[in-house]
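Spelled out, the chains give:
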Amino acid sequence: MKVSFFVTCLGDMFYVNASKAAVELLEHLGCEIDFPKAQTCCGQPAYNSGYHKETLEVAKHLVETFEHAEYVVGISGSCVFMIHEYVHLFEEGSEWQKRAIELKEKTYELTQFIVDILGVEDVGASYDGVATYHTSCHMTRLLGVKEAPFRLLENVNGLQMIDLPNRHDCCGFGGTFSVKMSDISEQMVDEKVEHIEETSANLLLGADGSCLMNIGGRLSRNESPVEVKHIAEILNSRGDV
Amino acid sequence: MPKGNIINREAFLANIRAKIGGISSDKPVEKPAWTTEPQKKVLEGYDRDQLITVLREQCKEIHTDFYQTTLQDLSETITSVMKEYESETVVYSDDPRFENAKIEDYITSLNAFKWDRTDREGSIKIAEKADVGITFSDITLAESGTVVLLNDKGQGRSVSLLPANYIAIIPKSTIVKRMTQATDYIHAQVEKGEDIASCINFITGPSNSADIEMNLVVGVHGPIHAAYIVVDDL
Amino acid sequence: MPMHIGEKDFKKRVTKGLDDDFMRGAVRSAQERLQDKRATAADELGDWEDWRTLGSEIRGHTIEHLDYYLHQLSEKVAELGGHVFFAETGEEANEYIQKVAKEKDAKKIAKSKSMVTEEISMNEALEDIGCEVIETDLGEYILQLDEHDPPSHIVAPALHKNKEQIREVFHEKLDYLKSEKPEELALFAREKLREEFTEADLGITGCNFAVAESGSFALVTNEGNARMVSALPKTQITVMGMERIVPGWEELDVVVSLLTRAAVGQKLTSYITALTGPKQLEEADGPEEFHLVIVDNGRSKILGTEFQEALHCIRCAACINVCPVYRHVGGHAYGSIYPGPIGAVLSPLLSDYEEYQELPYASSLCGACTEVCPVKIPLHEQLIMHRRKIVEDEKKSPLSERVVMRGFEQLVNSANLYRTATKMAPFLTTPFAKNKLISKGPGPLKHWTHARDFPQPANERFRDWFNSREKRGEKNAKR
């Protein structure tokens, strides 16, 4: 199966290990990886800020970039959902909208792709640790991927999962919200951190780099011992337990 | 009663029509066929006895005392509820069903006042002081534990409202699944061009409020206690 | 009370909310309870999504044919002998209500809870002509006693107060001497308000839903105050926002079932009172005279726009009860009697962006509101639409942001430019970083790094790794 990898901005620049892990994991599961070099950002920062003319141009660029792909797999539920949203940006019934629909239909978030398309729930990973998982809002509520990450994590050898209290609460990232309304955003991330600490897990997992950057940034400022990792890094671990 | 006034309507509606592209107010609008009707599936297939079980369970949720009795023992049940509520004075609706159920004599033997449809001030004053108000339920909703009172004529809106305690006599035959059956009945009345009661009360237990720190307090403006008495042979 | 409440400046209101520890504790625990109750009620039904679909279809159809249904409603009410006044503005509505109050020589007015009367400042208008207006909903009563403290929630208006504060208000204003137990406080209010009900010359109610086919009005309450207001005074005025209507009783069933579950997790509230016209000849209690006031006050501006779905709202507050922003800042920070997600959508529409431009940004777009809305209003999407309108139609976004976004567009549309910029990023950020972390960022990062570290971009980007791996021919090496 040929997969065009959608790395996302954060995955390209900040969470490089997660992106590498995702590629290796998909290869391990038998996929052939292609990386369209022209890919840039999904345009979400502009879209959510109300700059829809600008977003339209970005959307066209990504539609073209991934046009050749058999499957597109991204490592952020939020960015993948943004690609799905392109359909509503273009004029109803237009040629561009048709192309956007084609892209939407073949674009998946990593864990969704592994569980729903590859039909795999046990990727053969092993990792020694006690972890809790943050469900990202866009991935669960908008993209509708709720179960896949848990299915995959349950089957990781040696990993103990603890439920995160109030796991459906937003971490307070919200893109430009975290800067524009930073005082409110700080309270939200603090509440999230409190809940993480309640679990006494030593590892926080998530499937969205932006939430992890936000929560991780607060944990790091608090000098918390909790480590933050993208789910791909765990699923690609094959160490001895 | 003479027709009431309608003021400023045409300009107001013309403005709306311009925005939503409506055609004309007097051209009937057909309701579409809704794609789903989950309200019709609630408690589907339950018979009346099963519905009584649902009602009894729901009464626990709504802080309501539940009794089930027969015509023969009805007066005794009322007596024991009144004792429980430390009630002596009664106001009850002017409703032929008391007579039909042959309990009017019993009620009048109490310190009781029958709602007087011709005396507004007097009736309200007595209801306000009465310990308990008693009415029949017209339609009873099992799912929510609701008695529906079609308040018109001698029923009196205040009978089930002003006294500190409230007793609803529920003929078993009035028990239906949920609000859907009650609104269907009222809708059918409207369709047939019949007058509907000027005040239809869906009463679910005693009055309550959670306005103080979201703590449920029972008995704010209306009754503090409520009892439902299901009568099997009515 | 007008729609706008509190300080003019949004930031000041937010800071005040964030600093109010008690309010935040109260809101947090209320939200948790209400969320649980709503979720349990929805689960019990089993097919909650079908219910939402039906609710959304009913509201959509009604608003699309609003002119027809309002016409039908007014005809029915008039046939029953009631009077109907269509008010395009709040002022028109108030003038009419004042006129009725004067005609009836009303001194004391008992009022049950109504958001639209708050929105048009009806109480003040009536007080101006010498009437005494008594709020009879327990929460509203507390706020009215406390020097007209504004409501902070559309269902539980006094959510921001604790019982000690309420005891203090009762003590100060009414010489209350008992404890702060909610039961004792409520009993005291019951006794006080009983007197008011029996003395009131005029009753004013809001309207949860009007039923067009029969000219009826449904009032959804738990306390029973709306029943008092519609049973005891001789004249009754019902004030409704023009969108608060359903075609018939069958639809009333659905929207009421959704409302009570979404709002408070109850199958039905203690009282659903459906009133049809004034009292009839053979009745002793109930109003002898009935007036209906239908209020537009900016609502028709929303019709036919991308925001029309906001008029589907049934005022259950489920969106408010799940909103994390509301949880931290509280209702007053929104500066509107309509707070939370629906308030952030509705307030700028009923008023304007001048007054409420910040509200659409007071959301992390987490979508919790959209997920719980019982009539499927895409609330977070409507907030994005507001942002688009502010940027593209109103051109009110800050210049610096426009420059950044223009740059962003050029950057991400050019694969080359994007590659260069992402390659430069680690070097540009080096002066600010320590151990690969930025703790005092420049520009917009300054706000982020107030409480959070920001990671420095990696020296080797993913694409560099992938390229070099490809060149070395290691692709799919692990297979």
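Computed from a predicted model, the values in this text were never measured in an experiment.

Asker: Even after reading the chapter, I still don't get the overall build of chain B, so can you show me in this structure?
Answerer: Along its length, chain B carries 7 helices and 13 strands. Dimensions of chain B along its principal axes, counting C-alpha atoms only, are 65 × 45 × 45 Å. Going through the 234 residues of chain B one by one, you find that 51% of them count as buried. When contacts within chain B are restricted to residue pairs at least 6 apart in sequence, those whose partners lie at least 24 apart make up 72%.

Asker: Please explain the overall build of chain C as it appears in this structure.
Answerer: The helix and strand inventory of chain C stands at 22 helices and 13 strands. Structurally, chain C occupies a C-alpha span of about 95 × 55 × 45 Å along its principal axes. Within chain C, the proportion of its 479 residues that are buried is 59%.

Asker: Which parts of the structure should I look at to understand the UniProt feature "binding site: [4Fe-4S] cluster 2" (unreviewed entry) in chain C?
Answerer: All names here are of chain C. Feature annotation in UniProt assigns "binding site: [4Fe-4S] cluster 2" (unreviewed entry) to the following positions: C323, C366 and C369. A stretch of 47 residues holds the annotated residues, and the largest C-alpha distance among them is 8.7 Å, short enough that they meet in one place. Classification of C323 by C-beta neighbours within 10 Å gives buried; the count is 28. With sequence-adjacent residues up to four places away left out, C323 is seen in contact with G340, P341, A368 and C369. Mapped onto the fold, C369 is located in helix α17 (residues 368-372). With near-sequence residues (within four places) excluded, C369 lies in contact with C319, V322, C323, P341, L379 and H380.

Asker: What exactly am I supposed to notice about the sheet that holds strand β2 (residues 65-69) of chain B here?
Answerer: Each strand in a sheet pairs with its neighbour through backbone hydrogen bonds, running either in the same direction (parallel) or in the opposite one (antiparallel). All names here are of chain B. With parallel pairing, the 6 strands of this open sheet are ordered in space as β2-β13-β8-β5-β3-β4. Of all the strands in the sheet, the pair left with one neighbour each is β2 and β4 (111-114). Ignoring which end each strand starts from, the neighbouring axes of this sheet average 20° apart. Relative to strand β5 (residues 132-136), strand β3 (residues 89-92) is paired through 3 bridges, and the arrangement is parallel. Following the sheet pairing, V90 is matched in β5 by V132. Against the sheet, helix α3 (residues 74-84) makes contact with β2, β5, β8 (165-171) and β13 (225-231), and its axis sits at roughly 160° relative to β2, the strand it touches most.

Asker: I'm lost on the UniProt feature "binding site: [4Fe-4S] cluster 1" (unreviewed entry) in chain C in this one. Help?
Answerer: Residues and elements named next belong to chain C. The sites that carry the UniProt feature "binding site: [4Fe-4S] cluster 1" (unreviewed entry) are, in the present numbering, C313, C316, C319 and C373. The greatest C-alpha distance among the annotated residues, which extend across 61 residues, is 10.5 Å, indicating that they converge on a single site. Residue placement: C316 occurs in the loop between β10 (289-295) and α13 (318-322). Its 26 C-beta neighbours within 10 Å are what place C316 among the buried residues. When near neighbours in sequence (up to four residues on either side) are disregarded, C316 contacts L259, A262, A263 and P374. Of note, C373 is situated in the loop between α17 and α18 (379-393). Accessibility expressed as a C-beta count within 10 Å gives 26 for C373, which makes it buried. Here C373 is in contact with A318, C319 and L379, once residues within four sequence places are set aside.

Asker: Just to check I follow, could you spell out the pairing of strand β7 (residues 203-206) of chain A for this structure?
Answerer: Note on strand geometry: in a regular strand, side chains alternate between the two faces of the sheet. Residue and element names in this part refer to chain A. Here β7 shows a buried face lined by L203 and L205 and a second buried face lined by L204 and G206. Where strand β5 (residues 126-134) lies against β7, 4 bridges are found, and the strand directions are parallel. By the bridge assignment for β7, T132 is matched with L204. One ladder, built from 4 bridges, connects β7 with strand β8 (residues 227-230); its direction is parallel. Within β8, the position partnered with L204 by the bridge is V228. Regarding topology, helix α12 (residues 209-221) serves as the crossover connection from β7 to the parallel β8, and that connection is right-handed.

Asker: Got a minute to help me understand helix α12 (residues 249-264) of chain C in this structure?
Answerer: Count 3.6 residues to each turn of an α-helix, and residues three or four apart come out pointing the same way. Residues and elements named next belong to chain C. Taking 1.5 Å as the rise per residue, α12 with 16 residues should run 22 Å; its terminal C-alpha atoms sit 22 Å apart, in good agreement. Taking burial as the measure, the 16 residues of α12 include 16 buried ones, the bulk of the element. Of the residues one or two after α12, G265 is the one with positive phi, at around 70°.

Asker: Just to check I follow, could you spell out the interface of chain C and chain B for this structure?
Answerer: Interfaces are often sized by the amount of accessible area the parts lose when they come together. Each partner contributes to the interface: chain C provides 84 residues, whereas chain B provides 75 residues. Ranked by residue count, the leading element in the side of chain C that touches chain B is helix α4 (residues 66-79) of chain C, at 9 residues. Partitioned by chemical class, the residues of the side of chain C that touches chain B number 36 nonpolar, 26 polar and 22 charged. Here strand β10 (residues 199-203) of chain B runs beside strand β9 (residues 271-276) of chain C; their pairing, made up of 5 bridges, is antiparallel. Paired with B:I203 across the two strands is C:Y271, which belongs to β9(C).

Asker: Quick question: what am I supposed to make of the UniProt feature "domain: LUD" (unreviewed entry) in chain B here?
Answerer: When the UniProt feature table is mapped onto this chain, "domain: LUD" (unreviewed entry) is found at residues 54-231 of chain B. Helix makes up 30% of residues 54-231 of chain B and strand 29%. Its end C-alpha atoms lie 16 Å apart.

Asker: Can you help me understand the interface of chain A and chain C in this one?
Answerer: Listed as interface residues are 56 residues of chain A and, on the opposing side, 52 residues of chain C. Only α1 (9-13), α2 (16-28), α3 (44-48), α4 (52-65), α8 (137-142), α10 (177-180), α11 (182-199) and α12 of chain A provide two or more residues apiece to the side of chain A that touches chain C. With 7 residues, α11(A) is the largest single contributor of residues to the side of chain A that touches chain C. A per-class count over the side of chain A that touches chain C returns 22 nonpolar, 18 polar and 16 charged.

Asker: How should the nonpolar core be read in this particular structure?
Answerer: Here is a general trend for soluble globular proteins: nonpolar side chains tend to be buried in one another's company. All names here are of chain C. Membership of the largest hydrophobic core comes to 294 residues, with the highest contact counts inside it found for I109, V293 and C319. Residue contributions to this core peak at 10 residues, all from α12. If we skip the residues at most four places from it in the chain, I109 touches A101, L126, C131, E132, V133, I134, A200, L202 and I204.

Asker: What is the right way to look at unusual backbone geometry in this model?
Answerer: Negative phi characterises most residues that are not glycine, and trans characterises most peptide bonds. Phi at A:N166 takes a positive value of approximately 50°, unusual for a residue other than glycine. Checked against the element boundaries, A:N166 lands in the loop between β6 (157-162) and α10. The residue C:E147 is not glycine, and still its phi comes out positive at about 55°. Here C:E147 shows up in the loop between α8 (138-145) and α9 (163-174).

Asker: What am I meant to see in the sheet that holds strand β7 (residues 235-241) of chain C here?
Answerer: Read from one edge to the other, the open sheet built from 7 strands follows the order β1(B)-β1(C)-β10(C)-β7(C)-β4(C)-β2(C)-β3(C), with strand pairing classed as parallel. With partners counted over all chains shown, the strands left at the sheet margins are β1 (6-7) of chain B together with β3 (132-135) of chain C, one partner each. Where β7(C) lies against β10(C), 7 bridges are found, and the strand directions are parallel. Its bridge partner being in β10(C), C:I237 is matched across the sheet by C:H291. Contacts from α4(C) reach β1 of chain B together with β1 (83-87) and β10 of chain C, with the element oriented near 150° to β1(C).

Asker: I keep staring at the packing of α11(A) against α12(A) and nothing clicks. Help me out?
Answerer: A pair of packed helices can be characterised by two numbers: the angle between their axes and the separation between those axes. Residue and element names in this part refer to chain A. Where α11 meets α12, the closest approach of the two axes is 10 Å, and the angle between their N-to-C directions is 75°. Judged by the inter-axis angle, α11 sits roughly perpendicular to α12. Contact residues: α11 offers V189, D190, K192 and V193, while α12 offers N214, I215, R218 and L219. Its residues assigned to classes, the contact of α11 with α12 shows 4 nonpolar, 1 polar and 3 charged.

Asker: Before we go on, may I ask you to explain the environment of A:G209 in this structure?
Answerer: Residue and element names in this part refer to chain A. Structurally, the position occupied by G209 is in helix α12. Taking the number of C-beta atoms within 10 Å as the measure of exposure, G209 has 28 and is therefore buried. Taking the C-alpha atoms as reference points, G209 and S136, separated by 73 residues in sequence, lie 9.7 Å from one another. Aside from chain neighbours lying at most four places away, what touches G209 is T8, L10, G11, F14, Y15, A18, S76 and H230.

Asker: How should I be thinking about the arrangement of the chains in this particular structure?
Answerer: Among 2 pairs of chains with at least one contact, chains B and C form the most extensive contact set. With no contact between them, chain A and chain B keep their nearest C-alpha atoms 20 Å apart.

Criteria and cut-off values
Within any chain, residue numbers begin from 1 and follow the written order of that chain's sequence. The naming scheme follows written order: chains are lettered A onward, ligands numbered 1 onward. Local features are withheld for residues below a pLDDT of 70 in this predicted model, meaning they are given only at 70 or higher, and side-chain atom pairs are given and counted only at 80 or more; totals for whole chains, interfaces and linings count all residues. Only runs of H or I of at least four residues qualify as helices and only runs of E of at least two qualify as strands under DSSP, and these elements are numbered from the N terminus. Counting other C-beta atoms within 10 Å of a residue's own tells you its class, since 20 or more makes it buried, 12 or fewer makes it exposed, and anything in between is partly exposed; those C-beta atoms are placed from the backbone. Placing C-beta atoms from the backbone, we regard two residues as in contact once those atoms come within 7 Å. UniProt positions are given in the numbering used here, feature names are shortened, and annotations may be inferred rather than shown by experiment. Strands were regarded as paired on the criterion that DSSP finds at least two bridges between them. Axis lines are fitted to C-alpha atoms, over the contacting stretch for helices. Their N-to-C directions set the angle, which ranges from 0 to 180 degrees. By convention a crossover is right-handed if, when the strands point away from the viewer, the path from the first strand over the helix to the second runs clockwise. Residue count minus one, scaled by 1.5 Å, sets the expected span of a helix. Here the term charged refers only to Asp, Glu, Lys and Arg, the term nonpolar to Ala, Val, Leu, Ile, Met, Phe, Trp, Tyr, Cys and Pro, and the term polar to all other amino acids, Gly among them. Note on terminology: a nonpolar core is a set of buried residues of type Ala, Val, Leu, Ile, Met, Phe, Trp, Tyr or Cys, with members joined through C-beta atoms within 7 Å. Angle categories: roughly parallel below 35 degrees, roughly antiparallel above 145, roughly perpendicular from 65 to 115, and oblique for all the rest.

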